Every structure is written in structure tokens, then in C-alpha cells.
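Residues per chain are reported as follows:
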Amino acid sequence: MALSSILRLRRSKLQQVRFFLLPLPLLVTVLMVLTVVVLFSSRIQTPHKTLTLHLSNLSPTSLNFNFTAQEPNDNSTTTIHHQHPSPRVTVAARPPPPAEADGPYHNWELFAADYQEMMHSLKIFIYPDVSSNNSQFAHIFLPHPNPFDPKLGNYFSEHAFKLALLQSSLITPNPEEAHFFFMPFSINAMRNDPLLRAETSIADFVAQYTTNISSQFKFWNASSGSDHFYVCCHSVGRDASSKHRDLHNNAIQVTCCSSYFQRLYVTHKDFGLPQVWPRRQEEVLNPPDSRDKLVFFAGRVQNSRVRQDLMNFWGNDSSMDIFAKNPLYSYEEGFRRSRFCLHVKGYEVNTARVSDAIHYGCVPVLISNYYDLPFANVLDWSRFSIIISHEDVAFLKKILMSVSREKYLKMYKNLGVVRRHFAWHMTPKNYDSFYMTAYQLWLRRGLHRLSY
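So, how was this worked out
- Residues numbered from 1 in each chain as written.
- Predicted model: local features only at pLDDT ≥ 70, side-chain atom pairs only at ≥ 80, totals over all residues.
- Heavy atoms only, no water.
- 1 Å grid on protein atoms, 1.4 Å probe; cavity = no way out; pocket = protein on both sides within 12 Å on 5 of 7 lines; lining within 4 Å.
- Points joined across faces, edges and corners; volume = space filled by probe spheres on them.
- Nonpolar A, V, L, I, M, F, W, Y, C, P; charged D, E, K, R; others polar.
- Pairing = 2+ DSSP bridges.
- Helix = DSSP H or I, 4+ residues; strand = E, 2+ residues; numbered from the N terminus.
- Contact = heavy atoms within 4.5 Å.
- Axes fitted to C-alpha atoms, helices over the stretch in contact; angles between N-to-C directions.
- Expected span 1.5 Å × (residues − 1).
- Buried < 20%, exposed > 50% of the residue type's maximum accessible area, 1.4 Å probe, protein only.
- Core = buried A, V, L, I, M, F, W, Y, C linked by side-chain atoms within 4.5 Å.

Enquirer: How would you sum up empty space enclosed by the protein? Please name residues and give values.
Expert: In this structure the tally under the stated criterion is 2 cavities of 30 Å³ or more. Roughly 40 Å³ of internal volume is contained in the largest cavity. Residue lining of the largest cavity: Pro274, Gln275, Thr351, Val354, Ser355, Tyr371, Pro374 and Phe422, and that is the complete set. Taken together, the residues of the lining of the largest cavity break down into 5 nonpolar, 3 polar and no charged. Estimated volume of the second largest cavity: approximately 30 Å³. Taken together, Glu158, Lys162, Phe182, Phe185, Ser186 and Val231 form the lining of the second largest cavity. Of the residues contributing to the lining of the second largest cavity, the split by class is 3 nonpolar, 1 polar and 2 charged.

Enquirer: Lay out the sheet that holds strand E7 (residues 228-232) in plain terms, naming residues and giving numbers.
Expert: A sheet is described by the order of its strands in space; here 5 strands give the open sequence E5-E6-E7-E8-E9, paired in parallel fashion. One side of each edge strand has no neighbouring strand; the edge strands of this open sheet are strand E5 (124-126) and strand E9 (271-272). Bridge count between E7 and strand E8 (residues 252-255): 4 bridges; the pairing is parallel. Bridge assignment links Cys232 to a residue of E8, and that residue is Thr255. Against the sheet, helix H4 (residues 156-166) contacts E5, strand E6 (180-182) and E7, and its axis sits at roughly 130° relative to E7.

Enquirer: Summarise helix H6 (residues 199-216); cite the residues concerned and give the values.
Expert: Here H6 contains 18 residues, and its C-alpha end-to-end distance of 26 Å stays within 8% of the 26 Å for a straight helix at 1.5 Å per residue. Buried within H6 are the following residues: Ile202, Ala203, Phe205, Val206, Ala207, Tyr209, Thr210, Ile213 and Ser214. Of the surrounding secondary structure, the elements contacted by the buried residues of H6 are helix H5 (187-191), helix H7 (219-223), E7 and helix H8 (245-249).

Enquirer: Please give an account of the sheet that holds strand E11 (residues 320-323) that cites residues and values.
Expert: Hydrogen bonds between backbone atoms are what pair the strands of a sheet, whose relative direction is either parallel or antiparallel. Strand order in this open sheet of 5 strands is E11-E10-E12-E13-E14, and the pairing throughout is parallel. The sheet is open, and its two edges are formed by E11 and strand E14 (386-387), each paired on a single side. Both strand E13 (residues 363-367) and E14 contribute to a ladder of 2 bridges, which runs parallel. Opposite Leu366, over in E14, you have Ile387 as the bridge partner. Contacting strand E12 (338-344), E13 and E14, helix H13 (residues 405-418) crosses the sheet at an angle of about 95° to E13.

Enquirer: Requested: an account of the nonpolar core, with residues and values cited.
Expert: Counting 74 residues, the largest nonpolar core has Phe229, Phe340 and Leu396 as the members making the most contacts within it. Among the elements that take part in this core, helix H14 (residues 433-442) stands out by supplying 7 residues, more than any other. Those residues in contact with Leu396 that sit more than four places away from it in its chain are Leu310, Trp314, Met320, Leu342, Val365, Ile367 and Ile388. Among the nonpolar cores identified, the runner-up in size contains 26 residues, and Phe125, Phe137, Phe141 and Ile202 belong to it.

Enquirer: Help me get a handle on the pairing of strand E10 (residues 293-298), residues and values and all.
Expert: For E10, the tally of buried residues reaches 5 of 6 residues, placing the bulk of the element in the interior. Pairing geometry for E10 and E12, over 3 bridges, is parallel. Its bridge partner lying in E12, Lys293 is registered against Ser338. As paired elements, E10 and E11 share 4 bridges and run parallel to each other. Following the sheet pairing, Phe297 is matched in E11 by Ile322.

In short, shape yes, function no, at least from these values alone.
And the structure:
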């Protein structure tokens, strides 16, 4: 074949190859565009709840949202509308918290889910002394016949817990399934018993009782007492465990006198109990604009250096109602009319003034170093109270006057949320003081127990 013919044949075949190769980039581009269109035009259905966010402005200082929560196969939606509709992104949803982001909880969702598990699972066994009336010391263990007796005062919570526990669904008659074991002695009742009144006598009685249950029942020895607990609001209750090593080192002390500074209080094992006076429920709180007093405090100063300092600095300030004796008006009225109510350490770190302030909607100002505050692993106290060191009493007025109205209103609103956690009921109610205390036990479950 002539050379010219061969060259023409090869040129023709190369042109045919170029014809098939040239459209490939364009074809790839078309396929990519089609894929993107299909992905964004179709909605992937999943069996999970979805949350749709409409984002219109991605500025870090101005982010607008439109939340739509919808269950699968459910045409009903709950929508919180905001302006400016925009592209939507779909992500998995979690149950919404009952309070806004700056509410009084560290993490409402985590707490609420774990709390519900507790309500379904937690079991507490009460040693039978709580129902036995066969000894001269039976009243030490039996429920108080009149827990609303005004003479109980500061010790009401100690008795209220026992009564609420007996009426709750958490108790079990089967100790084999119990997470915890309640030792039902009352420090307050011992303190009022002429045979046991002395602190050393109370410690001897409690040590002997602990020895008795460890010999009569197998449950104490299985954990060396780490799943046992007792409740007290009297200050001598801390010393009640002093004559039994395992009771002090292992058993859980649930106490109103929860001070980091005290040697017989073991942080993270023991925990604080809210000290509550039995008061009639305030159905409607006095609104902020009706509170014409900046500060209220009434209490003895003899046994407290920080209270003496408080009186020396601010006792004559006309903008602060601070009384070393009885106030000029009723104690309750002081809480209702004031924006801030002081809790100042006396003989102990705790007083009922904290729960009183919460009860009446007065923002608590806590001047009590080393106070292990009740439920502090659930509640963010900085969002509904002000905590001041003893050394800063001289700056009290400056600190309170620096609180903006916006911050104060948020704190007042948060008080309305946490009030239910600082109330006792003989038949316990959801999230009240009893169940919040039980939740603290729940967090300590399963520690160091051998098989029975």
C-alpha cells in the first residue's frame, strides 16, 4: 500500500478516537450536576424525630432560627417562628428543656433523662426499726407523729424525708433488689431524749445500732456500709458517726450541715439536704417591681464573726434592712418586699434562710464559705443566687448594685423554676425535695458492693 494511503487511514482513525474522547469532560460535569440536584431535591426519610433549622444569618452575633420538630408519620408540628426564612438543614432532635438556655440547670436534658430512669429503677430498703414499737427507743426510729410542729423548725427536713420515703414508690420490701439501705434513726429525736441527749451518748447509740444491723443482716457487710445512708439536720448529726469507722468512712451522710470544712463530712460521698421550714405555699410571688427593699436580713450575731462584720459595715445603711434582733415588720414580709435576701453563716454553714428566700422569690445572697450547696451538681446556683466570700462583706452593696436589671430579672425567673426543688410533701411530688435528694443517692449507686 502506498505510504500516503497508510497515513490517510491513521489520520481518519485518530479523528474517530478524538470524537469519542472530547465529550468526556462535559459528560462528567453533567453527571456531577445531576447527582447534586438529586441529593438536594430528595428528602431522606428516617425513623427518628427530625429537627429543621432555617438559617438566615450566620453572623456570630445575630443568628436567626426557625425550629420545627416533627415525629415520623405525624402531620402535626410544633414551630417557633423567627423572621427571614432561609435554606433548611435537618438534624436529629433531642427533647427540648423546659427552661431557656440560661435557665437554672447545668444540663437539663441529661438530668431529666437520668431522673426518669431513677424513677423507674431506684429501690430503697428501710430497716424494720422504722415500724417497730417494742422498745423504749422506738420513737428514735418511728416517723414523727406531728412533723409540722413549729418546735421542729430547723429539723423539719430530717423528718419530712422519712415520711415522704414511706409514702413513695421507691421503697422495696425485698432487700435483695435494693440499691440503698436507709438507717431510720433520728438525730433530732435523740437530741430530745433525756437518756441520749449528750453528743457522746448519741455517737455510742448510733455505733451500737450499726453493729447490730451488721450482725443481724448480711447487707452491711457486703459493701462495708457504702450503700447505707442516714439523714440528719441537727449539727450533732455529723458527730454521730464518729465512733464507728465504717459508718464514717463509707456510709452516706445526708445532712443539712454540709460543710467542706468539717472533718466528719466527706465531700462527694456525703451531700447536702435542703433545710426547709414548713411554710404555707406562696401561690403567687410578689413581682420584682413591687419589691421596694434592696436587702433583707434578720438574725442573731453573737455566734458569728461574719454576721458581726455585716452589722458593723451595713447595720446603719438606710437602703439595707439588716436587723440583729426582730425586724420592724414580719419575717415573711421582709422576704416578700426585698430583692435580695442574705444567708449569712451562723454557728453552721446552713440556715433555712436559703429555702425561705427561694420560697418567697427573693434572690439569695450566700455569705457562707465552705457550704456544699444542695443539688449543686444539677442546679447552677450562680443563675439564681449571688455567692460572696466572707472577706468581701465590705463590698456587699457595691456587688449588689452592680447587678443589672436584666440579670436580676433572669435570676428572679429562675427562682420560680427551682422553687419546686425546695419543698417537701408528705406524699412526694415530682422533682420536689424528696425526689431531688433521692436523685443524689441514685448518682452514688453501685459502689463497692460484694455479692450477698
